[in-house]
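# Structural overview for review
Next come the chains, spelled out residue by residue.
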Amino acid sequence: MITVAAVQPESIAEELGLKPGTQLVAVNGRKVEDFLDWEFLTADEEFVLHVRQPDGEEIEFEIERPLDEPMGVALEPPRIRRCANRCDFCFVDGLPPGLREVLYIRDDDYRLSFRYGNFATLTNLKPHDVARIIEYRLSPLYVSVHATDLMVRRHLLRNPTAPEIIPQLRRFAEHGIQFHTQVVLSPGVNDGRVLQRTLDDLWGFGPAVLSCSIVPVGLTEFSKHHLCREPTTEECRAAVSEAESRWPIALEARGIHWVYGADELYLRAGLPLPGAGAYDGFEQVENGVGAVRWLQQRIDSAAAGLRGWAGRHIGVVTGTAMAPLMPQVLEPLARATGAELELVTVENTLFGTSVTTAGLLPGGRPELALALLPGESVNDDGLFIDSMSVASLAQQLPFEIRLSQDFADALDLPLAA
Ligand code: SF4
């Protein structure tokens, strides 16, 4: 059963009398467990909806509506599936202490993998989940494979009962489900021959595996350095070479490069990034794969609408990981806007406003007219990782701040008067 969080005015839901707090109990006699059930079970033009109103009244509605007319309800957020693993390189371990409790939750949720492209390991699936993935054809799924060798994968995930990934993927693939996959590269564990075998196995699935990215392990000062380390320049070069050596065959067979090194892999390897064409449809850009080339393309295509900033001084806030790559993005941005851009590198943009403010405030920065912050540094409620709101941060700064995904989205309007 799921609960309605909000009802859209003049929608079917409002007409039926649904309200915040209404429980959606069943559709056509099937229990509604979460947003997936709700979306898939109500996908027909006609269905019977059983609800429980906040006052306890139970009602059944026979719904008949055009397919393109949404019901008009927003649902309360789902309870996130907890992760069954304890990877040495887990980003949760890498967080500093003292942040909001919710940030320390290790989630591993196939539903969010399908909906938002979050990577999941599929190690916590119950038979019921497997049946739903197949019935609802949740495709594509984003899967953290890391290694196809069972023992290596269990070691990486620190999960002695993790199931074999190949039979899992095969079963789903037989039902038409496709995957974007990733390998987080842990040197000495899943690189070298293990990486070769992993890529061979995944390529062997054919079109069911849409892509595979190789992302180097990223650690912070809080990570378990006694258990894992970041790959060296040579190790990153070897992984890039392993990926790129497969491109001719992949292009010949499928017309795509199929295996992609993350931008950070190239950076750590000391190698130039490949051209935009090497990322095909930028399928894993949110995983840091092709992000620089994607940003350059976005800026180029929006350039005509970015004029009007000539002579302005704009601070561009970025974390230390992306900072060395940012000049490649700022150069076309400066060309398009005419602005003077200053890279403001902060320790980690996800660590909250204290580091961001510290980066932005030395000397008061009277020269800055505007600062751009990465959009991913706030959650859906507009809160930074330390619970400060964008508005509160703005009050502390003597210049305007804007959140941005690709710069073009934040520079198409002039400064507030
Ligand atoms: S799968 Fe590993 S990295 Fe991801 S949340 Fe679980 S323990 Fe952390």
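Residues numbered from 1 in each chain as written. Predicted model: local features only at pLDDT ≥ 70, side-chain atom pairs only at ≥ 80, totals over all residues. Heavy atoms only, no water.

The next subject is the site of the ligand. Close to the ligand lie Cys83, Asn85, Arg86, Cys87, Cys90, Arg106, Asp107 and Thr121, which account for all nearby residues. Partitioning the shell around the ligand into residue classes produces 3 nonpolar, 2 polar and 3 charged. (Near = heavy atom within 4 Å. Nonpolar A, V, L, I, M, F, W, Y, C, P; charged D, E, K, R; others polar.)

Moving on: the sheet that holds strand β14 (residues 400–404). Ordered by their spatial adjacency, 4 strands build an open sheet running β12-β11-β13-β14, and the pairing between neighbours is parallel. A strand with exactly one partner marks an edge of an open sheet, and here the two such strands are β12 (340–346) and β14. Strand-to-strand twist in this sheet, taken as the mean axis angle between neighbours without regard to direction, amounts to 25°. The sheet strands contacting helix α12 (residues 327–337) are β11 (313–319) and β12, and the helix crosses β12 at an angle near 155°. (Pairing = 2+ DSSP bridges. Helix = DSSP H or I, 4+ residues; strand = E, 2+ residues; numbered from the N terminus. Axes fitted to C-alpha atoms, helices over the stretch in contact; angles between N-to-C directions. Contact = heavy atoms within 4.5 Å.)

On to the packing of aromatic side chains, then. Counted by the stated rule, this structure contains 5 aromatic pairs. Here the aromatic rings of phenylalanine 40 and tyrosine 136 are separated by 4.5 Å at their centres, their planes lie at 10°, and the arrangement is stacked. Of this pair, phenylalanine 40 sits in helix α2 (residues 35–41) while tyrosine 136 sits in the loop between α4 (127–135) and β7 (141–144); the two residues are 96 residues apart in sequence, bridging distant segments of the chain. Through successive ring pairs, a cluster of aromatic residues spans Phe40, Phe114 and Tyr136. (Phe/Tyr/Trp six-rings, centres within 6.5 Å; stacked < 30°, edge-to-face > 60°.)

Turning to unusual backbone geometry, a few remarks are in order. Comment: phi is negative for the bulk of residues other than glycine, and the bulk of peptide bonds are trans. Cis geometry marks the peptide bond from serine 139 to proline 140, where omega comes out at -5°. Tracing the sequence through the fold places proline 140 in the loop between α4 and β7. The backbone of asparagine 28 sits at a positive phi, close to 50°, despite the residue not being glycine. Tracing the sequence through the fold places asparagine 28 in the loop between β2 (23–27) and β3 (30–31). In this structure, aspartate 280 is a non-glycine residue whose phi angle is positive, near 50°. Relative to the assigned elements, aspartate 280 resides in the loop between α10 (263–269) and α11 (291–302). Judged by its relative accessible area of 25%, aspartate 280 falls in the partly exposed class. (Buried < 20%, exposed > 50% of the residue type's maximum accessible area, 1.4 Å probe, protein only.)

This part is about the pairing of strand β13 (residues 370–374). In terms of burial, β13 is largely enclosed, as 5 of its 5 residues are buried. The alternating pattern of β13 places Leu370, Leu372 and Pro374 and Ala371 and Leu373 on opposite faces, both of which are buried. As paired strands, β11 and β13 are joined by 3 bridges and run parallel to one another. Each bridged residue has a counterpart across the sheet, and for valine 316 the counterpart in β13 is leucine 372. In this sheet, β14 lies alongside β13 in parallel orientation, the contact comprising 5 bridges. Of the residues in β14, the one forming a bridge with proline 374 is serine 404. Following the backbone out of β13, through helix α14 (residues 390–396) and into the adjacent parallel β14, one traces a crossover that is right-handed. (Right-handed = clockwise from strand over helix to strand, strands pointing away.)

Two elements in contact, α11 and α12, have axes separated by 9 Å at closest approach and are oriented at 5°. On the basis of the axis angle, α11 is roughly parallel to α12. Together, Val292, Arg293, Leu295, Gln296, Ile299 and Asp300 of α11 and Gln328, Val329, Pro332, Leu333, Arg335 and Ala336 of α12 make up the contact between the two elements. In the contact of α11 with α12, the residues fall into 7 nonpolar, 2 polar and 3 charged. (Parallel < 35°, antiparallel > 145°, perpendicular 65-115°, else oblique.)

Here we take up helix α7 (residues 192–203). For α7, which comprises 12 residues, the first-to-last C-alpha distance of 17 Å matches the rise-based estimate of 16 Å (1.5 Å per residue) to within 8%. Of all the positions in α7, only Leu195, Thr198, Leu199 and Leu202 are classed as buried. The arc enclosing the buried residues of α7, seen along the axis, measures out at 95°, which places them on a common side. Each element contacted by the buried residues of α7 is listed here: α6 (165–174), β8 (179–185), β9 (209–216), α8 (233–244) and β10 (259–261). (Expected span 1.5 Å × (residues − 1). Arc of directions from axis to C-beta.)

The next point concerns the pattern of salt bridges. By the definition in use, this model includes 22 salt bridges. For aspartate 129, the salt bridge is made with arginine 81, and the minimal N-O distance between the two is 2.8 Å. Of this pair, aspartate 129 sits in helix α4 while arginine 81 sits in the loop between β6 (73–75) and α3 (110–116), and the two are 48 residues apart along the sequence. Taking relative accessible area as the criterion, aspartate 129 reaches 2% and is therefore assigned buried. Of the charged contacts in the structure, one is a salt bridge between arginine 402 and glutamate 400, with a shortest N-O distance of 2.9 Å. On the accessibility criterion, arginine 402 (13% relative accessible area) is buried. The exposure class of glutamate 400 is partly exposed, given its relative accessible area of 26%. One network of salt bridges, in which partners are shared, links Glu33, Asp34, Asp37, Asp109, Arg111 and Arg132. (Salt bridge = Lys/Arg side-chain N within 4 Å of Asp/Glu carboxyl O.)

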